[in-house]
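Topology and contacts: notes
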Amino acid sequence: MHQNAGQETDEAGALLARIARGETLALESFYDAYHARVYAFALKRLSNAADATEILNEVMHEVWRHAARFEGRSRPLTWVLGIAHHKVIDRLRRRSHTDHDELDLDHTPDDAPGMSDAMAGVQDAELVRRCVDRLPDTQRLVIQLAFYDDLSYPEISEIMHIPTGTVKTRVFHAKQVLKRCLSALGPEK
Amino acid sequence: MIEPEHPEELLPWYANDTLTGDERQRVEDHLRDCGQCRQELAWLQRLRQQVKGLQPLESPGELVRAKLLREVRSQPRRQRVQWWQAALAASLAVIVIQGAVIFRLSGPGNMQVAAAPIGSLPGQEALVRIRFKPTATETQIRQALRVINGAVVDGPGDSGVYYVRLEGLDTTQPFEIQDAVQRLKTASPVVLDVGMELLS
């Protein structure tokens, strides 16, 4: 698993140590390595390119100011996405959506559709995009973290400050919603 | 619906190759004999491929990069205060308070005691560090900040921490800060933890 994750972690950890000493060249390298993932993370959650751009800028400033706080107990990616997560929550609060977003129930009916329809539907990239976009915020985020960022469930738990069981539950329900959506909008419909 | 004994909750993590140890072994053992889970895994793997291709607009990489570097190069760098600096500040506090008491007891009644920095060292800023519950609304956060007449100057950063300046207080006086912290803890149900940080 994560064939290059250890090397990536070591390199990014070394960059953070240099950033903590005030080396802007290290900040540039860190930015180059992580900006796309931070931006994608924010954009998926906020659905607004301008807001996501601001979050990216704020997160990198946070890295610059507080790199010394990285203690190496998690991967640098987990650490930086954790910062992004809190920035996003703060932004959503300002939009007055927080209660709805944070308390979003991890519950959907469990009447899973037939696998053949869902399997046919998942072959269609545009269909997958439409169905992923329809997921509730919290479910879309865990799907992104699990399948775009390839994070483990303990890492997602750390980033989102939710129990590992909740991470699994959200993915489970997201999966059910996606299957229903892909079947409903699938090719043979 | 897959039956409960199938390791369905672990399959997404097997699909993204992050499962380790016993959990990974359990899934692999199960997959050998379960066509239903192999089919589920194939669906998850295809979903993962599609999600990886879903990334929308390109990151405004160069634009933000240039702005970031311009800003960090033009701003003085904040550095965390070392423990010995905090200890020195505390020691100074004791010395200055003792000196003030002695001066008051021995000096002329109408003379003022010279102000001295005892909560923070010269050139430092004392900020209150607050972490709110994730479910705290903006209204609740605003209410909490009003209790201490605080203004957010940074955050939320790592672990959702806000750094707050106490308006109208002399932050060189540690007792004023401690009093504000106590009022905040008592008055706001959405505060997870609160502390003080000296920044230079």
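Here's what I pulled together on the structure shown here. (Residues numbered from 1 in each chain as written. Chains lettered and ligands numbered in written order. Predicted model: local features only at pLDDT ≥ 70, side-chain atom pairs only at ≥ 80, totals over all residues. Heavy atoms only, no water.)

**Examining the overall build of chain B**
Across its full length, chain B holds seven helices and four strands. Counting the 200 residues in chain B, one finds 40% classified as buried. Restricting the contact set of chain B to residue pairs at least 6 apart, pairs at least 24 apart contribute 64%. Counting only carbon and sulfur atoms, one obtains 53% of the accessible surface of chain B, whose full area is about 11,200 Å². (Helix = DSSP H or I, 4+ residues; strand = E, 2+ residues; numbered from the N terminus. Buried < 20%, exposed > 50% of the residue type's maximum accessible area, 1.4 Å probe, protein only. Contact = heavy atoms within 4.5 Å. Areas by Shrake-Rupley, 256 points an atom, 1.4 Å probe, with all protein chains shown as cover.)

**Here's the deal with the overall build of chain A**
Secondary structure assignment for chain A yields 10 helices and zero strands. Listed by position from the N terminus, the elements making up chain A come as α-α-α-α-α-α-α-α-α-α. The buried share among the 189 residues of chain A stands at 58%. Restricting to contacts in chain A with at least 6 residues of sequence separation, those with at least 24 account for 73%. Accessible surface, chain A as shown: approximately 7,300 Å² in total, 50% of it carbon and sulfur.

**Quick look at the packing of helix H9 (residues 153–160) of chain A against helix H10 (residues 164–185) of chain A**
Each pair of packed helices can be described by the angle between their axes along with the distance between the axes. All names here are of chain A. The interhelical angle for the contact between H9 and H10, taken along N-to-C directions, is 105°, at an axis separation of 8 Å. When the axis of H9 is compared with that of H10, the two are roughly perpendicular. Here Tyr153, Pro154, Ile156, Ser157 and Met160 of H9 come into contact with H10, specifically with Thr164, Val167, Lys168 and Arg170. (Axes fitted to C-alpha atoms, helices over the stretch in contact; angles between N-to-C directions. Parallel < 35°, antiparallel > 145°, perpendicular 65-115°, else oblique.)

**Concerning the packing of aromatic side chains**
Considering all chains together, one arrives at four aromatic pairs over all chains under this definition. Between Tyr153 of chain A and Trp13 of chain B the ring centres are 5.6 Å apart and the planes differ by 65°, which places this aromatic pair in the edge-to-face class. Note that Tyr153 of chain A is positioned in helix H9 and Trp13 of chain B in helix H1 (residues 11–15), a pairing that runs across two chains. Trp13 of chain B carries the same exposure label as Tyr153 of chain A, and that label is buried. Ring geometry for Phe132 of chain B and Tyr162 of chain B: centres 5.4 Å apart, planes at 75°, overall edge-to-face. Here Tyr162 of chain B lies in strand S3 (residues 161–166) and Phe132 of chain B lies in strand S1 (residues 125–132), a separation of 30 residues in the sequence. Judged by relative accessible area, which is 4%, Tyr162 of chain B ranks as buried. A cation sits over an aromatic face here: Lys168 of chain A above Tyr153 of chain A, 4.3 Å from the ring centre. Over the face of the ring belonging to Tyr148 of chain A we find Lys52 of chain B, whose NZ or CZ atom lies 5.8 Å from the ring centre. (Phe/Tyr/Trp six-rings, centres within 6.5 Å; stacked < 30°, edge-to-face > 60°. Lys NZ or Arg CZ within 6 Å of the ring centre and 35° of its normal.)

**Brief notes about the nonpolar core**
By size, the foremost hydrophobic cluster in this structure holds 81 residues, and its most contacted members are Ile19, Phe30, Val63, Val80, Leu81 and Ile156 of chain A together with Trp43 of chain B. Looking at this core, the element that brings in the most residues is helix H2 (residues 24–46) of chain A, giving 12 residues. One finds Ala136, Ile141, Ala144 and Ala180 of chain B within the second-largest nonpolar core, a separate group that totals 18 residues. (Core = buried A, V, L, I, M, F, W, Y, C linked by side-chain atoms within 4.5 Å.)

**Digging into the environment of Arg65 of chain B**
Position of Arg65 of chain B among the secondary structure elements: in helix H4 (residues 61–74). Under the relative-accessibility criterion, Arg65 of chain B is labelled buried at 17%. Setting aside residues up to four positions removed in sequence, Arg65 of chain B forms contacts with Glu28, Tyr31 and Asp32 of chain A.

**Description of the interface of chain B and chain A**
Residue-level contacts link 61 residues of chain B with 70 residues of chain A. When chain B packs against chain A, close to 6,100 Å² is buried across both sides, 60% of that on carbon and sulfur atoms. Where chain B touches chain A, the interface holds nine salt bridges. A salt bridge links Arg65 of chain B to Asp32 of chain A, with the nearest nitrogen and oxygen atoms 2.7 Å apart. Linking chain B with chain A are 20 residue pairs in polar contact (both at pLDDT 80 or more), by the criterion used here. Elements with a contribution of two residues or more to the side of chain B that touches chain A: H1, helix H3 (35–52), H4, helix H6 (138–147) and S3 of chain B. In terms of residue count, H3 of chain B provides more of the side of chain B that touches chain A than any other element does, 11 residues in total. Looking at the side of chain B that touches chain A residue by residue, the classes come out as 25 nonpolar, 15 polar and 21 charged. (Buried area = accessible area lost by both parts, 1.4 Å probe. Salt bridge = Lys/Arg side-chain N within 4 Å of Asp/Glu carboxyl O. Polar contact = N/O pair within 3.5 Å; in protein donor to acceptor, adjacent residues only side chain to side chain. Nonpolar A, V, L, I, M, F, W, Y, C, P; charged D, E, K, R; others polar.)

**A look at the pattern of salt bridges**
Applying the stated criterion across every chain, the model contains 25 salt bridges over all chains. With a shortest N-O distance of 2.9 Å, Glu40 of chain B and Lys175 of chain A are connected by a salt bridge. Placement of the pair is Glu40 of chain B in helix H3 and Lys175 of chain A in helix H10, with the two residues belonging to separate chains. Here Lys175 of chain A falls in the buried class, since its relative accessible area comes to 2%. Each member of the salt-bridge network shares a partner with another, and the members are Glu28 and Asp32 of chain A together with Arg65 and Arg73 of chain B.

On their own, these measurements won't tell you what the molecule is for.
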